[in-house]
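Listed below, chain by chain, are the residues.
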Amino acid sequence: MGPFTPFDAPLRVVAVAATAVLATGFVIASGDAARAPARPGAAEVRHQANAAGPSSPNPYLGARVYVNPEWRANALSEPGGDRVANQPTAVWLDSIAAVRGSATAMDLAAHLDQAVAQAAGQPMVVQLVIYNLPGRNCGRLASNGEFGPNDLPRYKTEFIDPIVEILSRPAYANLRIVTVIEPDSLPNLVVNTGTTRPTATWLCNTMLDNQGYLNGIGYALARLGALPNVANYLDVANHGVIGWEEDLVKTVNLLTEAANTSGSTPANVRGFVTNTANYSPLREPFIPMTDRYRTSRWIDFNQFNDELTFAQAMRARLIAAGFAPSIGFLIDTSRNGWGGPARPLGPSSSTDVNIFVDESRIDRRIVKSNYCNQAGAGLGERPTTAPAEGIHAYAWIKPPGISDGPSQAIADEAFDRMCDPNYVGPPPGRGTPTGALPGAPAEGAWFPAQFRQLMQNAYPPL
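Read on for an overview of the structure. (Residues numbered from 1 in each chain as written. Predicted model: local features only at pLDDT ≥ 70, side-chain atom pairs only at ≥ 80, totals over all residues. Heavy atoms only, no water.)

With that settled, consider the packing of helix H4 (residues 152–167) against helix H7 (residues 212–225). Axis separation between H4 and H7 bottoms out at 10 Å; the angle between their running directions is 20°. By the angle between their axes, H4 is roughly parallel relative to H7. Between H4 and H7 lies a crossing of right-handed hand. Here Leu152, Tyr155, Lys156, Ile160, Asp161, Ile163, Val164 and Leu167 of H4 come into contact with H7, specifically with Gly212, Asn215, Gly216, Tyr219, Ala220, Arg223 and Leu224. (Axes fitted to C-alpha atoms, helices over the stretch in contact; angles between N-to-C directions. Helix = DSSP H or I, 4+ residues; strand = E, 2+ residues; numbered from the N terminus. Parallel < 35°, antiparallel > 145°, perpendicular 65-115°, else oblique. Left-handed = near helix turned anticlockwise from the far one by under 90°. Contact = heavy atoms within 4.5 Å.)

The final tally for this structure, using the stated rule, is five cavities of 30 Å³ or more. Estimates place the volume of the second largest cavity at around 70 Å³. Here the residues of the lining of the second largest cavity are counted per class, giving three nonpolar, four polar and three charged. (1 Å grid on protein atoms, 1.4 Å probe; cavity = no way out; pocket = protein on both sides within 12 Å on 5 of 7 lines; lining within 4 Å. Points joined across faces, edges and corners; volume = space filled by probe spheres on them. Nonpolar A, V, L, I, M, F, W, Y, C, P; charged D, E, K, R; others polar.)

With an omega dihedral of 0°, the bond running from Tyr459 to Pro460 counts as a cis peptide bond. Phi is positive for Glu182, close to 50°, though the residue is something other than glycine. Looking at the element boundaries, Glu182 is found in the loop between strand S6 (175–181) and helix H5 (186–191). On the basis of relative accessible area, Glu182 is assigned to the buried category, the value being 0%. Although it is not a glycine, Phe301 adopts a positive phi angle of roughly 70°. Its relative accessible area of 46% is what places Phe301 among the partly exposed residues. (Buried < 20%, exposed > 50% of the residue type's maximum accessible area, 1.4 Å probe, protein only.)

This structure, assessed with the given rule, holds 15 salt bridges. A salt bridge links Arg154 to Asp151; the shortest N-O distance between them is 3.9 Å. Here Asp151 falls in the partly exposed class, since its relative accessible area comes to 22%. The salt bridge partner of Glu165 is Arg169, with a shortest N-O separation of 3.0 Å. Classification of Glu165 by relative accessible area gives partly exposed; the value is 40%. (Salt bridge = Lys/Arg side-chain N within 4 Å of Asp/Glu carboxyl O.)

This part covers the nonpolar core. With 72 residues, the main nonpolar core has Leu93, Leu167, Phe272 and Met314 as its most contacted residues. Looking at this core, the element that brings in the most residues is H4, giving eight residues. Contacts of Phe272, omitting those with residues within four sequence positions, involve Tyr233, Leu234, Val236, Leu255, Leu318, Phe323, Ile327, Gly328, Phe329 and Leu330. Judged by nonpolar contacts, the second largest core, of 18 residues, contains Ala63, Tyr131, Tyr233 and Ala393. (Core = buried A, V, L, I, M, F, W, Y, C linked by side-chain atoms within 4.5 Å.)

Printed below as a string of C-alpha cells:
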C-alpha cells in the first residue's frame, strides 16, 4: 500500500436545502481533526499526495467525494452514527422515481446541486449506481426492477436518456461523475443460466437469449461515456460468485462484448467494480491459497479467497482482453470488515483442512453465497483513494444500513427467501441457513439494527 497523507482541506459547513452538510468527502467522521489518532484504520482520510485533474485515469485523485445528506441524516439518527455520518456513499438510481425524485426522496438533480455546494469550487466526485435493467437481477427476487424482460426501449428512453440529460447540464460540468453500471447483471448471465446449473432461472436464461442486458449496458456505456466528466465502472460481482476459472473466462468475454455493443467501445469503460453490496473481505491473511486449502468446503476450489487479489487478477485479465492499461477497480468495502469478537487473530492450529479454514477465515458467513443482511458483518475500510496497485478506490457503494431485502414477505413485493433468517433450502443456500438478520425492512429501506451491528463490528474499528 502506497503512502497516504491526511486530507488537509478545512472542514466547511454548507447549508443547502435547510440541511447542514459537511462539505467534505473522505473526511474525519467526528469533525475533530485534533484528536484523530494517527494509526491504521483511523478515521482520517487517506489518499495519495499527488493530485489529478478530470482527465486522469483515476477520477478520485485530488477530489472530495459527495456525502449524501439523506444517508447522513439516517446515520446521525443512530447512537454513535456521527462517527461515520460524513463518509461518502453512492446514490442509487434504481428506478425512474430515483431520477425524478419523490415526496420522500431527493431527485438526481437535487443530489448534484448539493454536490456543487459541497465542492465549494474544489474537485468533487459524485458516485451514482445505475441499476434498472430490464429483467433486473434475474438471479434474485429481493431487488427485482420495474422493467420487464422486453422493456429495453423503455430502459433507454425513460431511464438512461433522462440521466444523461441531467448530467449534461452546464451547472454540473465541473463535477466528476463516477457511475457503477448495473450490479449483478452480466455475472448473472454466467452463473444463473443454462439447463444444468441448479442456480439457473427462467429470467436469467431469457435475458441471455434476448441480449437485453448486453444491449442495455452497451447503450448506457455509450450515452454516459460521451459525457466528458463521466467515468463508467462496470460491475463484475465478486470472487465468491465468479472466482472459478470457467466462470472467469465467460465473465471477461461478456464484459468485453457489452463494452463493444450498442455503439459503445472499451474506451467508455474507466474501470470495474467488485463486491458491490456484498460482504467479501479485502484480505484473508491466515489462509494460504495452496491446493491443500483450496479443497476446503469454504473455498471449494475457487481461484481466490479475497476481493483484493481477485480485483487485481481480474484487472490483468481485462487488460489482456482489450481494455485500456489504465483501467482501475473500485472495491465496495461498506460491509466487509468482519470485526468484533468473532474475528480470528491468527491461523488455526487444527490439522483438519476444513476446521483450519473455518477457524482462520475473516469472512464469518455460513457460506460465501449468502448475500442478504448478513449477521455479524461490520463496516470495512473507510473510503480511500488509490489504496493498492490497480485499485482506484475503496468506496462505500452500498450505503451501510440500507436493507438488502425484507426478512418476511411484504404484500405486493417479491420475497427472496435468502433474506429469511429461518430459511434453509437448496442452492444458492446449499442446504444451509441464510445467515440473514431478522426484522429487516423492504429492500432499500433504512435498517437501524443492521447499521448498529455494522458499527459495532467495524474493522478497522471506529
